[in-house]
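# Breakdown of the fold
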Number of protein chains: 2
Amino acid sequence: MSLRIDVSAPTPDPIPHDAALLALDWGTTRLRAFLMAADGRILATRESPQGLGALAGQGAAAFEAALQTLCADWPLDGLPAIAGGMVGAVGGWREAPYRDCPAALATLADPALAVQVDCARVRGGRLTLLPGLRWLPPAPELPDVMRGEEVQIAGALALQPALEADSWLLLPGTHAKWARVRDGRVLHFSTHMTGELYALLRRQSLLARLMPAEDAAADAADPHGAGWRAGLAQAARAQPGDLGHALFGARTLGLSSRLPSAELPGYLSGLLIGQELRCGLQALTADPAPLVLIGEAALCARYADALRQLAPQQPAPLQLGNTAPHGLWHCARRAGWLDG
Amino acid sequence: MSLRIDVSAPTPDPIPHDAALLALDWGTTRLRAFLMAADGRILATRESPQGLGALAGQGAAAFEAALQTLCADWPLDGLPAIAGGMVGAVGGWREAPYRDCPAALATLADPALAVQVDCARVRGGRLTLLPGLRWLPPAPELPDVMRGEEVQIAGALALQPALEADSWLLLPGTHAKWARVRDGRVLHFSTHMTGELYALLRRQSLLARLMPAEDAAADAADPHGAGWRAGLAQAARAQPGDLGHALFGARTLGLSSRLPSAELPGYLSGLLIGQELRCGLQALTADPAPLVLIGEAALCARYADALRQLAPQQPAPLQLGNTAPHGLWHCARRAGWLDG
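All figures in this text were calculated on a predicted structure; none of them were measured in a lab.

Residues and elements named next belong to chain B. Judged by pairing direction, the sheet is mixed, and its six strands sit side by side in the order β3-β2-β1-β4-β8-β7 without closing on themselves. The sheet terminates laterally at β3 (42-48) and β7 (115-118), the two strands that pair on one side only. Neighbour-to-neighbour, the strand axes of the sheet open up by a mean angle of 25°, direction not taken into account. Sheet analysis places strand β2 (residues 31-37) next to β3, joined by six bridges and oriented antiparallel.

Put into structure tokens, the structure is as follows:
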């Protein structure tokens with residue numbers, strides 16, 4: 001049980017009569033359920049903390065119970081149902097093996113590529129779990145994996161069909177993804193642990209000692225503050241292997257009064273995002289295509305600002321919000337489930 | 001109170017009659033006390049977990065009590081006493097302000113530069129706390145600080161006088177230091193958070209999930225394993241800003257079976273140490289001088305191996321153990337306290 005008050009679950013929705021799809025974005029920390037119309041409109045949304053972190057290894061019954069509890073009064077009977085994200089990882093409802101890149105996004109839900117699990121009430125008693133993507137380049141390049149972001153990418157391409165031919169998609173977050181798309185396929189991608197490094201260093205390292213008590217809202221309050229700019233400037237000067245040194249600046253800039261304590265989280269954020277961009281921009285420059293940001297608006301705005309500082313010649317990227325529901329709907333539509 | 005069994009404290013030492021100095025290496029996690037002869041021999045050693053982490057902010061009486069408890073039966077009366085390390089930080093026994101680089105190592109204990117605190121039983125009722133060092137370069141270069149390493153550096157120079165004229169001293173650890181020494185002075189230095197990043201990522205990140213249960217001995221058991229070599233090779237290919245991506249290899253190399261789980265800690269260690277060396281070697285190449293490793297033998301051996309892989313043209317570095325006691329003794333001797 002979680003102590004978090006979940007405002008979305010207990011709200012009684014008016015039962016939508018044109019529901020055509022149950023779409024689940026089932027990640028590590030949250031289960032998000034969307035009741036969708038055949039044309040892609042979101043009719044109702046529910047959310048619970050029953051993510052993989054809460055349910056991992058508890059077996060299929062625990063996952064089905066979490067879903068039934070969240071959607072008890074939804075008219076699911078006979079609806080096709082689809083889920084993407086960590087629910088298909090090892091320890092999830094059932095493992096949905098990775099698809100290797102290059103991977104077409106339109107066919108993620110193909111029965112030959114996805115897996116089905118028993119789930120009462122939905123159409124055919126079967127819920128489809130989408131596979132994640134894997135990139136296995138020849139050594140010494142590093143392999144990579146994603147689960148959930150491929151659904152957001154599919155949604156972005158469905159919403160902005162011009163991206164399908166040729167684009168770079170950047171999804172900031174705990175494990176930020178840079179994905180290269182061409183002709184409707186993810187050619188390859190790479191993960192940067194930017195968000196996780198920030199959280200570890202902000203909360204649990206020596207660097208946290210000089211910083212004000214953590215308050216995510218305050219940390220993000222002034223994305224153009226002196227700390228943020230100093231972190232970006234440090235990233236602009238980055239040399240191979242210097243991150244472990246530059247991070248210590250989040251202590252020494254404070255000790256030497258070059259930055260006030262309140263600006264130190266901004267320095268850390270600017271340094272980490274800036275270093276990620278240095279690396280990603282090198283790949284983008286080597287293989288140019290329009291860049292798109294997908295995800296939470298405030299975080300995307302930070303990345304867009306960092307891009308302006310580090311690559312002023314780069315056109316301002318298109319910014320999309322959470323495209324996961326649309327991606328799930330698009331997969332279902334391309335699988336022919338919404339034709340009836 | 002700590003649950004750690006402290007084997008060194010309760011051992012009754014034969015009381016040495018030629019004691020001439022009480023030297024304290026008082027860091028964040030440990031207080032180490034050395035009873036030394038006028039010629040620099042260590043006559044007895046004691047150690048307790050009463051470091052700054054246990055005592056910070058508790059005031060002078062707590063520090064004095066920790067020292068008296070540890071050394072209750074030592075013949076301290078009339079001995080000069082000197083302490084280096086975090087005991088002189090903010091929140092320590094008393095703050096010993098930093099000395100700015102370039103800083104002469106021989107004069108760390110000068111009364112005009114160090115601070116004295118009241119301490120019963122030792123000579124004059126006063127214990128000398130050595131200052132740390134600070135490097136304040138013009139922006140945009142980052143400031144830096146050390147507390148305790150300057151004592152080890154002083155000890156290394158006293159043990160190996162040839163280093164005094166011209167050397168690079170590398171002190172691996174939680175916050176590794178690269179110090180440039182010329183004419184007996186630390187010209188400048190830089191910190192790399194290599195050890196702290198390793199500990200955070202090894203224990204508390206997503207990367208830990210695929211790794212075997214932590215066992216520091218096992219992690220260090222095969223410094224030449226496949227994971228270590230892969231991490232070094234990844235560091236050899238490092239581009240600016242790519243650490244956040246390369247770290248994720250400690251997950252994906254495991255998921256893709258390119259490395260067995262037991263080799264993933266080695267990959268993490270090789271990557272982090274290798275990236276630090278990439279950065280440090282750039283500075284060393286720009287301003288060449290003999291390189292010396294100071295610190296715990298197994299960790300220094302890892303660094304020496306990484307140096308062989310990443311910079312085979314570099315002469316094998318001299319490796320020194322814990323030079324802190326000798327550094328404290330040397331400071332006392334240069335201050336004239338051991339002449340009588």
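Further notes follow.
What follows covers the environment of Leu291(A). Residue and element names in this part refer to chain A. With respect to the element layout, Leu291 can be found in strand β14 (residues 291-294). Separated by 122 residues in the primary sequence, Leu291 and Leu169 place their C-alpha atoms 5.9 Å from one another. Residue contacts for Leu291: discarding those within four places in its chain leaves Trp168, Leu170, Trp178, Leu284, Leu307, Gln314, Pro317 and Leu318.

Here we come to the domain arrangement of chain A. Per the domain assignment, the segments making up chain A are domain 1 (1-135) and domain 2 (192-320). Between domain 1 of chain A and domain 2 of chain A, the C-alpha centre-to-centre distance is 33 Å.

This part takes up the pattern of salt bridges. What the rule picks out here adds up to 26 salt bridges over all chains. Among the salt bridges present, the one from Arg180(B) reaches Asp166(B), with a minimum N-O distance of 2.9 Å. You can see Arg180(B) sitting in strand β12 (residues 176-182) and its partner Asp166(B) sitting in strand β11 (residues 166-171), a full 14 residues away along the chain. With relative accessibility at 1%, the residue Arg180(B) sits in the buried group. Residue classification places Asp166(B) among the partly exposed residues on the basis of a relative accessible area of 29%. Between Arg180(B) and Asp287(B) there is a salt bridge whose closest N-O contact spans 2.7 Å. Here Arg180(B), found in strand β12, pairs with Asp287(B), found in the loop between α8 (264-286) and β14 (291-294); they are 107 residues apart in sequence, far enough to count as distant. Accessibility expressed as a relative area gives 23% for Asp287(B), which makes it partly exposed. Here the salt bridges do not stand alone but share partners, grouping Asp166(A), Arg180(A), Arg182(A) and Asp287(A) into one network.

What follows deals with the relation of the copies chain A and chain B. When chain A is fitted to chain B, the residual RMSD is 0.1 Å, and the transformation amounts to a turn of 180° plus an axial shift of 0.0 Å. Taken together, the rotation and translation describe the operation of a two-fold axis. Relative to the rotation axis, the C-alpha of Pro240(A) is the closest in chain A, positioned 2.2 Å from it.

With that settled, consider the side chain of Gln314(A). Residues and elements named next belong to chain A. Relative to the elements of secondary structure, Gln314 occurs in the loop between α9 (297-310) and β15 (318-320). Residue classification places Gln314 among the buried residues on the basis of a relative accessible area of 18%. Residues contacting Gln314, with those up to four places away along its chain left out, are Leu284 and Leu291.

The amide bond that connects Cys101(A) to the next residue, Pro102(A), takes the cis arrangement and shows omega of 0°. As for its placement among the helices and strands, Pro102(A) is situated in the loop between β5 (99-100) and β6 (103-104). Of note, the phi angle at Asp183(B) is positive, near 50°, even though the residue is not glycine. Tracing the chain through its elements places Asp183(B) in the loop between β12 and β13 (185-192). Of note in this structure, Ser257(B) is not a glycine but carries a positive phi near 60°. With respect to the element layout, Ser257(B) can be found in the loop between α7 (243-255) and α8. Under the relative-accessibility criterion, Ser257(B) is labelled exposed at 63%.

For the rest of this paragraph, the subject is the interface of chain A and chain B. Between chain A and chain B, the contact holds 50 residues from the first and 50 residues from the second. Roughly 4,300 Å² is buried in total at the junction of chain A and chain B, and carbon and sulfur atoms are behind 66% of that figure. Taken as a group, Leu142(A), Pro240(A) and His245(A) account for 16% of the area that chain A buries against chain B, more than any other trio of residues on that side. At the boundary of chain A and chain B, one finds zero salt bridges. Summed over the shared surface of chain A and chain B, the number is 16 residue pairs in polar contact (both at pLDDT 80 or more). Of all the elements in the fold, those that place two or more residues in the side of chain A that touches chain B are β10 (144-146), β13 (185-192), α4 (194-204), α7 (243-255) and α8 (264-286) of chain A. For the side of chain A that touches chain B, the element with the highest residue contribution is α7(A), accounting for 10 residues.

This next bit is on the packing of α4(A) against helix α4 (residues 194-204) of chain B. The contact between α4(A) and α4(B) brings their axes to 11 Å, and the two run at 110°. Classified by the angle their axes make, α4(A) and α4(B) are roughly perpendicular. Across from Glu196(A), Leu197(A), Leu200(A), Leu201(A) and Gln204(A) in α4(A), the residues of α4(B) making contact are Glu196(B), Leu197(B), Leu200(B), Leu201(B) and Gln204(B). When grouped by side-chain class, the residues that make up the contact of α4(A) with α4(B) number six nonpolar, two polar and two charged.

The α-helix winds at 3.6 residues per turn, so residues separated by three or four positions along the chain end up facing the same way. For α8(A), with 23 residues, the first-to-last C-alpha span of 33 Å sits near the 33 Å given by 1.5 Å per residue. With 18 of 23 residues buried, α8(A) lies mostly within the body of the structure.

Turning to the sheet that holds strand β6 (residues 103-104) of chain B, a few remarks are in order. Read across the open sheet, the six strands follow the order β6-β13-β12-β11-β14-β15 (chain B); overall the sheet is mixed. Each having just a single partner strand, β6 and β15 (318-320) of chain B make up the two edges of the open sheet. Against the sheet, α7(A) makes contact with β12 and β13 of chain B, and its axis sits at roughly 95° relative to β13(B), the strand it touches most.

Let's shift gears to the confidence of the model for chain A. Looking at chain A as a whole, the pLDDT averages 92, with 93% of positions reaching at least 70. Overall, residues 1-10 of chain A carries pLDDT values under 50, and its contacts beyond four positions in sequence, including any with other chains, amount to 11 contacts.

What follows concerns the pairing of strand β1 (residues 19-26) of chain B. Residues and elements named next belong to chain B. With eight of its eight residues buried, β1 lies for the most part within the structure. Judged from the seven bridges that link them, β1 and β2 form a sheet pairing that is antiparallel. By the bridge assignment for β2, Trp26 is matched with Leu31. Count of turn residues in the β1/β2 antiparallel hairpin: four residues.

Right, let's talk about the packing of α7(A) against α8(A) for a bit. Axes are the key here: two packed helices are described by the angle between their axes and the distance separating the axes. Residues and elements named next belong to chain A. As a packed pair, α7 and α8 sit with axes 9 Å apart at the nearest point and diverge in direction by 165°. Relative to α8, the element α7 is oriented roughly antiparallel. Pair α7 / α8 crosses with right-handed handedness. On the side of α7, the interface is formed by Leu243, Ala246, Leu247, Gly249, Ala250, Leu253 and Gly254, while α8 contributes Leu264, Tyr267, Leu268, Leu271, Leu272 and Gln275.

Another point: the packing of aromatic side chains. Residue and element names in this part refer to chain A. For the coordinates displayed, the defined rule picks out six aromatic pairs over all chains. Seen from their ring centres, Phe63 and Trp93 are 6.2 Å apart, and the 25° between their planes marks the pair as stacked. Highlighted residues: Phe63 in helix α2 (residues 60-70) and Trp93 in the loop between β4 (81-84) and β5, separated in sequence by 30 residues. Of the two residues examined, Phe63 and Trp93, each falls in the buried class.

Calculation notes
Residues numbered from 1 in each chain as written. Chains lettered and ligands numbered in written order. Predicted model: local features only at pLDDT ≥ 70, side-chain atom pairs only at ≥ 80, totals over all residues. Heavy atoms only, no water. Pairing = 2+ DSSP bridges. Helix = DSSP H or I, 4+ residues; strand = E, 2+ residues; numbered from the N terminus. Axes fitted to C-alpha atoms, helices over the stretch in contact; angles between N-to-C directions. Contact = heavy atoms within 4.5 Å. Domains from an automatic or database assignment. Salt bridge = Lys/Arg side-chain N within 4 Å of Asp/Glu carboxyl O. Buried < 20%, exposed > 50% of the residue type's maximum accessible area, 1.4 Å probe, protein only. Least-squares fit on C-alpha atoms with pLDDT ≥ 70 in both. Buried area = accessible area lost by both parts, 1.4 Å probe. Polar contact = N/O pair within 3.5 Å; in protein donor to acceptor, adjacent residues only side chain to side chain. Parallel < 35°, antiparallel > 145°, perpendicular 65-115°, else oblique. Nonpolar A, V, L, I, M, F, W, Y, C, P; charged D, E, K, R; others polar. Expected span 1.5 Å × (residues − 1). pLDDT = per-residue confidence, 0-100. Left-handed = near helix turned anticlockwise from the far one by under 90°. Phe/Tyr/Trp six-rings, centres within 6.5 Å; stacked < 30°, edge-to-face > 60°.

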